[in-house]
Amino acid sequence: MSDKVSLPAPREAAPDGARGEPLLVAEGLTKHFPITGGFPVKRRIGAVQAVDGLDLTVRAGESFGLVGESGCGKSTTGRLLTRLLEPTAGRIVYRGRDITHAGRRELAPFRAEIQMIFQDPYASLNPRHTVGKIVSGPMEINGIDPPGGREARVRELLETVGLSPEHYNRFPHEFSGGQRQRIGVARALALEPKLIVADEPVSALDVSIQAQVVNLLRDVQRELGIAFVFIAHDLAVVRHFSQRVAVMYLGKIVEVGDRDDIYRRPRHPYTHALLSAVPEAADLMDTPAGGDGSARASRERIRLAGDVPSPIRPPSGCRFRTRCWKAREECATEEPPLLRAEGSGPGHLSACHFPEPPTVERTTEVILDPALRAAEGHTESQPPNHAQ
Amino acid sequence: MWRRFRRDRSGVLSAYVVAFFFTVAIAAPLISKFYGKSPTTTYGLNEQGLLNEYGYPVAPNGGVSGRFWFGIEPTLGRDVLTQLVFGIRTSLLIAVAATVLCVLTGVVVGVTAGYLGGRTDYFLGRFIDLLLAFPSQLSFIAFTPVVYSLFVSPEKETPTYLRVLTLILVLWVLGWMGLARLLRGQVLSLREREFIEAAKVTGASPWRIITKELLPNLWTPILVQSTLMLPSFVTIEAGLSFIGVGILEPTPDWGRMFANGAQYYESDITYIFFPGLAMIIFVVAFNLLGDSVRDAFDPRTKR
Ligand SMILES: Nc1ncnc2c1ncn2[C@@H]1O[C@H](COP(=O)(O)OP(=O)(O)O)[C@@H](O)[C@H]1O
Ligand code: SF4
Ligand SMILES: [Mg+2]
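Residues numbered from 1 in each chain as written. Chains lettered and ligands numbered in written order. Predicted model: local features only at pLDDT ≥ 70, side-chain atom pairs only at ≥ 80, totals over all residues. Heavy atoms only, no water.

**Examining the confidence of the model for chain A**
Put simply, chain A has an average pLDDT of 82, and 80% of its residues get 70 or more. The low-confidence segment residues 1–18 of chain A (pLDDT under 50) makes 20 contacts with residues lying over four places distant or belonging to another chain. (pLDDT = per-residue confidence, 0-100. Contact = heavy atoms within 4.5 Å.)

Put into structure tokens, the structure is as follows:
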């Protein structure tokens, strides 16, 4: 898989929408999970603001990466986009049709077009169904009878995802995690979708298997021209998969842009932190031996540690400010809008009052965790609250 | 699954035993015909020389002989074998009917509560709690006569079929909650699994999700519970007949044979021996069968 970045490095020439029609558009997408409590009468005492005002556009045939730490609302976003969850607010438009609150019957014509691949290869396949039944189920539900019959189509799909057609009558528990995930891919492909939301499809797998499954997904995406929303918790997996990447933090998108914008010219401090957390060796694909080797070497500088604040009571203003080394007064009072920062290319938006310079080179060391700072001997300024 | 079951020796053996009991119950009239006795004929009274002046069988071992294989009943002198065979028939009829009704109710209520959740679940849950709050043994004893009197005025004789229906009804009403609650819990955890979401993403209807995705995962608890339920209904029914609120004379009944046997056991142990042995074998075999079914259904247990 030679994935030499063949795209021209400066991508200013590509205005929004050039790569394809907008397929799925989300505006102000919000999901709050109510927290109920109290006795004897239960009432609403708060809400988990899992997703809070998300704007994103997925274009036909493109691969869109959605990255953020665990708990920041990625899965919730994925389930909102596939309409497994009912949005609290905002709009979802699929191919020009508002499907925000569409019921099961209204969604029926689009169900075949938007599919999902799940994170847990053990929970996502019904243990009582054979592989054949699992993969043909979607066709059965949608009344699709491919020429040659469903069974033939399933066997074909199994070959497509790198399994043997003989696996038709086997049960999921006879397969390894990677093979199960392939079955999940075959199921998602059964309806010939236009968009697949893949929710951390490899993070439950052995590192040795991850690359194979990512390669499969990438081949599928390229050869069949299916648009992907690829959810991941670090930037390493998405790097060779997605043309555009959005970085999420605590229910919001903090930065979105083309792959090179995010990996080479990130502006948001959180993106910088995430990037420096990507170890060289964890790069799944053969790394393009480019000139950025030196930049990488000087990049392992930000230790993003400490816990993500609770999405029940997120910090005021910028949600990242409790862990940001650049935070100032303004960050607490005013929420930074998602805008094109000065010096960024078009389509590269970030939500920060004081964006970082557009480079991954770093000369000063930034340690975000007070405890870590203490442990490493930076004793000069012990923060008072280091023992949480 | 079937192959796994067949490799389980005690499972296969208990399946045969259970099947034998059902065959006996179904074929009771045939057995009676070939054996040449009827369960209601009072041989001991009709013929001289079978019972002594105290009403006990003359022959040793409770009158076991080539003619009366399991002996004859003290006092009335009826044939024990046909009594037992027809008694098993009555008891199994009631227990099977009650089990079927309980399983259906338990599945419907449990799956509904678990799948819909929210308010429906809350109210169904409280209703189950309410029914479970009745001390079941006492309730059976207390309610059965009450239900009889609903159907028939107390002065009149309750026809046998109404007694059977009443017993089924009482066992049903007080018997389904355990399974419902168990299934509710299972559905609650299953419905959060990703394979349910996968089905929803492809547009599956709630009906399809329940019948095609959830139910296949519920067969084990349903089967295991019903194999526990059925013998317990047999013993409850026997208990009710024992204390006189179940099936009355002259209809043969397994449980009532105990009641009678208990009166005579000091002088005629044989009379209680056969019905008792039969019931112990039946209950043990059914429970073993339940265990084997569970093992066979669970892909994780190795055999
Ligand atoms: N069904 C739910 N009810 C209540 N809270 C939920 C639910 N699903 C997710 N959450 C909460 O929403 C937040 C985001 O979760 P999730 O979208 O799963 O994050 P991620 O996939 O990025 O790890 C978490 O704090 C999680 O606890
Ligand atoms: S807005 Fe302030 S707190 Fe938020 S990321 Fe930018 S500098 Fe940090
Ligand atoms: Mg997740």
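Structure shown, so let's carry the discussion forward.
**Quick word on the site of ligand 2**
In the vicinity of ligand 2 there are 13 residues, among which C318(A), C324(A), C331(A), C352(A) and H353(A) approach most closely. When grouped by side-chain class, the residues that make up the shell around ligand 2 number 9 nonpolar, 2 polar and 2 charged. (Near = heavy atom within 4 Å. Nonpolar A, V, L, I, M, F, W, Y, C, P; charged D, E, K, R; others polar.)

**Some points on the pairing of strand β6 (residues 114–117) of chain A**
Residue and element names in this part refer to chain A. The alternating pattern of β6 places I114 and M116 on one face and Q115 and I117 on the opposite face, and all of these are buried. Examined bridge by bridge, β6 and strand β7 (residues 195–199) share 4 bridges and lie parallel to one another. Its bridge partner being in β7, I117 is matched across the sheet by A198. (Buried < 20%, exposed > 50% of the residue type's maximum accessible area, 1.4 Å probe, protein only. Helix = DSSP H or I, 4+ residues; strand = E, 2+ residues; numbered from the N terminus. Pairing = 2+ DSSP bridges.)

**A closer look at the site of ligand 1**
Residues and elements named next belong to chain A. Surveying the vicinity of ligand 1 reveals the residues F33, V48, A50, E69, S70, G71, C72, G73, K74, S75, T76 and P311. Measuring from an oxygen atom of ligand 1, one finds a side-chain N or O atom of T76 at 2.5 Å. Alone, ligand 1 offers 560 Å² of accessible surface; in the complex the protein occludes 61% of this. At the level of elements, β2 (43–59) and α1 (74–81) are the ones that each hand at least two residues to the shell around ligand 1. If you tally residues by element for the shell around ligand 1, the top one is α1, at 3 residues. Here the residues of the shell around ligand 1 are counted per class, giving 5 nonpolar, 5 polar and 2 charged. (Polar contact = N/O pair within 3.5 Å; in protein donor to acceptor, adjacent residues only side chain to side chain. Areas by Shrake-Rupley, 256 points an atom, 1.4 Å probe, with all protein chains shown as cover.)

**A word on the packing of aromatic side chains**
Any two aromatic rings considered together are summarised by their centre-to-centre distance and by the angle between their planes. For the structure on display, the rule yields 15 aromatic pairs over all chains. Both rings, one in F20(B) and one in F21(B), keep their centres 6.1 Å apart while their planes meet at 80°; by these two values the pair is edge-to-face. Looking at F21(B), the relative accessible area reads 6%, which means it is buried. Members of the aromatic cluster, each reached through a chain of ring pairs, are F20(B), F21(B), F22(B), W254(B), F282(B) and F286(B). The residue whose ring lies beneath R328(A) is F354(A), and the NZ or CZ to ring-centre distance is 3.9 Å. (Phe/Tyr/Trp six-rings, centres within 6.5 Å; stacked < 30°, edge-to-face > 60°. Lys NZ or Arg CZ within 6 Å of the ring centre and 35° of its normal.)

**A few points about the pattern of salt bridges**
Within this structure, the stated rule accounts for 26 salt bridges over all chains. Note that E200(A) and K74(A) form a salt bridge whose closest N and O atoms lie 3.6 Å from each other. With E200(A) in the loop between β7 and α6 (207–224) and K74(A) in helix α1, the pair connects residues that are 126 residues apart, well separated along the chain. Judged by its relative accessible area of 7%, E200(A) falls in the buried class. Under the relative-accessibility criterion, K74(A) is labelled buried at 3%. Here R181(B) ties to D129(B) by a salt bridge, and the two come within 2.2 Å at their closest N and O atoms. With R181(B) in helix α10 (residues 177–190) and D129(B) in helix α7 (residues 118–132), this pair connects stretches of sequence that are 52 residues apart. With relative accessibility at 28%, the residue D129(B) sits in the partly exposed group. Members of the salt-bridge network, linked through shared partners, are D52(A), K252(A), R319(A) and E335(A). (Salt bridge = Lys/Arg side-chain N within 4 Å of Asp/Glu carboxyl O.)

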